[in-house]
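The lines below spell out each chain.
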Amino acid sequence: DSGVTQTPKHLITATGQRVTLRCSPRSGDLSVYWYQQSLDQGLQFLIQYYNGEERAKGNILERFSAQQFPDLHSELNLSSLELGDSALYFCASSKDSGYMDTQYFGPGTRLTVL
Amino acid sequence: GQQVMQIPQYQHVQEGEDFTTYCNSSTTLSNIQWYKQRPGGHPVFLIQLVKSGEVKKQKRLTFQFGEAKKNSSLHITATQTTDVGTYFCAGRVRDYKLSFGAGTTVTVRA
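Read on for an overview of the structure. (Residues numbered from 1 in each chain as written. Chains lettered and ligands numbered in written order. Predicted model: local features only at pLDDT ≥ 70, side-chain atom pairs only at ≥ 80, totals over all residues. Heavy atoms only, no water.)

A few points about the pairing of strand E8 (residues 74-78) of chain A
All names here are of chain A.
Then step 1. Across the 5 residues of E8, 5 count as buried, placing the element largely inside the fold.
Then step 2. Relative to E8, strand E3 (residues 19-24) is paired through 5 bridges, and the arrangement is antiparallel. Bridge pairing in E8 links Thr-20 to Asn-77.
Then step 3. The antiparallel hairpin formed by strand E7 (residues 64-68) and E8 contains 5 residues in its connecting segment, where Leu-72 sits at a positive phi of about 80 degrees. (Buried < 20%, exposed > 50% of the residue type's maximum accessible area, 1.4 Å probe, protein only. Helix = DSSP H or I, 4+ residues; strand = E, 2+ residues; numbered from the N terminus. Pairing = 2+ DSSP bridges.)

Section: the sheet that holds strand E1 (residues 5-7) of chain A
Note: strands within a sheet are paired through backbone hydrogen bonds, in either parallel or antiparallel orientation.
All names here are of chain A.
Then step 1. Pairing is antiparallel in the open sheet, where 4 strands are placed in the order E1-E3-E8-E7. Of all strands in the sheet, those bounded by a partner on one side alone are E1 and E7. With direction set aside, neighbouring strand axes in the sheet form an average angle of 15 degrees.
Then step 2. Across 3 bridges, the pairing between E1 and E3 is antiparallel. Looking at E3, one finds that Thr-7 is bridged to Arg-22. (Axes fitted to C-alpha atoms, helices over the stretch in contact; angles between N-to-C directions.)

Structure, rendered in structure tokens:
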């Protein structure tokens with residue numbers, strides 16, 4: 001158990017819909033990262049927040065957005081969902097945001113878009 | 001942009017044999033990390049390499065960072081069924097993003 005929690009574990013929805021994925025980082029961690037993992041794909045970095053502020057952006061679509069709240073939990077919002085958005089979405093957290101930081105991954109949310 | 005390439009994509013190993021997975025970057029890395037993801041699980045941090053030419057061992061796993069800090073390898077000796085999973089390398093230049101390789105998925109024949 002990494003100490004990072006993600007809800008829900010599974011999500012099934014239809015094309016065009018909007019969903020919100022939630023992540024609670026490990027106690028004391030200030031950074032939260034979001035990744036997308038499609039079937040047979042590696043981990044695609046989406047976005048990072050540090051202490052409430054956006055710190056780095058990766059291959060995140062305009063239909064996706066995220067935020068980190070004062071209690072440091074984070075939410076990833078996915079809208080106008082398409083079939084290709086079906087994937088595992090991982091949240092990871094780290095203590096700071098420096099380049100030496102190691103990341104602790106949550107169990108993931110499996111999103112299925114029908 | 002920075003890309004981290006990892007080979008091979010799949011590795012089928014006889015139990016007891018050794019194998020190596022390789023990671024190559026187009027740019028010099030400040031550090032490289034290795035993660036393991038068991039089937040149905042989430043990536044778990046294994047190790048971080050920072051110095052040029054650094055070699056670190058964890059039991060049967062040997063991690064190496066190249067002299068030019070553009071490549072890395074993971075060598076597993078005497079493979080066991082517990083080694084099954086996908087091994088990812090993740091390289092970082094001097095920013096906040098980790099760039100993950102596509103992973104090497106390891107299966108073991110008993």
